[in-house]
Amino acid sequence: MNLYAESAKTLTIPDLKAMKQRGEKISCLTAYDASFSTVLDQAGIDMILVGDSLGMVVQGHHSTLPVTVDDMVYHSRIVAAARKRAFVVTDLPFASYATPEQALHNAARLTQAGAAQMVKLEGPKLEIISFLVAQGIPVCGHLGLLPQSVNRAGGYKVQGRDAGQAQQLLADALAIQQAGADCLVLECIPAALAAQITQQLSIPVIGIGAGAACDGQVLVLYDMLNISIGNRPRFSKNFIETAAGIDAAVRSYHQAVKSQQFPGPEHCY
Ligand SMILES: Nc1nc(=O)c2c([nH]1)NC[C@@H]1CN(c3ccc(C(=O)N[C@@H](CCC(=O)O)C(=O)O)cc3)CN21
Ligand SMILES: CC(C)C(=O)C(=O)O
Ligand SMILES: [Mg+2]
């Protein structure tokens, strides 16, 4: 028996980079449990994000701040164990990566023993990113709207609208790539700025409320299934209203991302 047969089926970072290079859009959704992980994987979703958005849609909190590393380890393990092909990324939660040592300790827990393949962290934390990468832990950056900084920002607002902010975001994106990140999420920024950043970076750029030019798209699963609590962001789309069920809705999203029909202008800033 080939010991590597199982892992060989799972998408890798080089696979994702090759998709960017050949212009194939990367489909991504969040998942937090084995059932949804299986549905997404069988629908062909390329990347599953175990997002700290679980603090809002699973735990019912008003922000992502109460989520702990223990919570993320638990959800990452059950999601990763259920999928065969999808690449699994997990969020380092609020205040879990303040120093390189703390970040390494927590990122190792999230990536060890069959958990996630990559950790995502919010903001241009260049020293933390390069330290994790040097230890062999793949990192996904996250710029634009940073939900873990909601108390400083005073709400969930579009970022990068003025020229100075836009220049800073582009500089931060380049610095994150330079620090060794293998992927970048852009959240809630003008489509034109996201297009410029995507074009200038060689690593895959996954957008949420960042326009159609990104290399891939991500949504919170419960938003596109229309079951999340409260108001949904304008950039999300209800895929269940035109589908026969959850599996069909996920397949419809996957197709819409691949064919560049999602996001449309109404989902962009
Ligand atoms: N269910 C859910 N979906 C998400 O997309 C999501 C979460 N939770 N939790 C973590 C963050 C928070 N996010 C949010 C939340 C609200 C808006 C929002 O209401 N945006 C306004 C724009 C406000 C402005 O004009 O500046 C919108 O109308 O879309 C955006 C992102 C994205 N993430
Ligand atoms: C919205 C995405 C990018 C995220 O970070 C999450 O689901 O936590
Ligand atoms: Mg998150």
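Criteria and cut-off values
Residues numbered from 1 in each chain as written. Chains lettered and ligands numbered in written order. Predicted model: local features only at pLDDT ≥ 70, side-chain atom pairs only at ≥ 80, totals over all residues. Heavy atoms only, no water. Helix = DSSP H or I, 4+ residues; strand = E, 2+ residues; numbered from the N terminus. Buried < 20%, exposed > 50% of the residue type's maximum accessible area, 1.4 Å probe, protein only. Contact = heavy atoms within 4.5 Å. Polar contact = N/O pair within 3.5 Å; in protein donor to acceptor, adjacent residues only side chain to side chain. Phe/Tyr/Trp six-rings, centres within 6.5 Å; stacked < 30°, edge-to-face > 60°. Lys NZ or Arg CZ within 6 Å of the ring centre and 35° of its normal.

Participant: Looking at this structure, how should I read the environment of Gln102?
Facilitator: Counting through the fold element by element, Gln102 comes out in helix α6 (residues 100-111). Note on Gln102: relative accessible area 28%, which makes it partly exposed. Between the C-alpha atom of Gln102 and that of Ile128, which follows or precedes it by 26 residues, the distance is 9.4 Å. Contact partners of Gln102, with chain neighbours within four places excluded, come to Ala95, Ser96 and Tyr97. Separated by 2.8 Å, the side chain of Gln102 and the backbone nitrogen of Ala98 make a polar contact.

Participant: Sorry if this is basic, but what is going on with the packing of aromatic side chains here?
Facilitator: Two numbers describe a pair of aromatic rings. These are the distance of the centres and the angle of the planes. All chains considered together, the criterion is met by 5 aromatic pairs. Geometrically, the ring pair formed by Phe36 and Tyr222 is tilted, given 5.9 Å between the ring centres and 55° between the ring planes. With Phe36 in helix α3 (residues 34-42) and Tyr222 in helix α11 (residues 221-224), the pair connects residues that are 186 residues apart, well separated along the chain. Tyr222 carries the same exposure label as Phe36, and that label is buried. Through successive ring pairs, a cluster of aromatic residues spans Tyr32, Phe36 and Tyr222. Its guanidinium or amino end placed over the ring of Phe239, Lys237 lies 4.9 Å from that ring's centre, counting from NZ or CZ.

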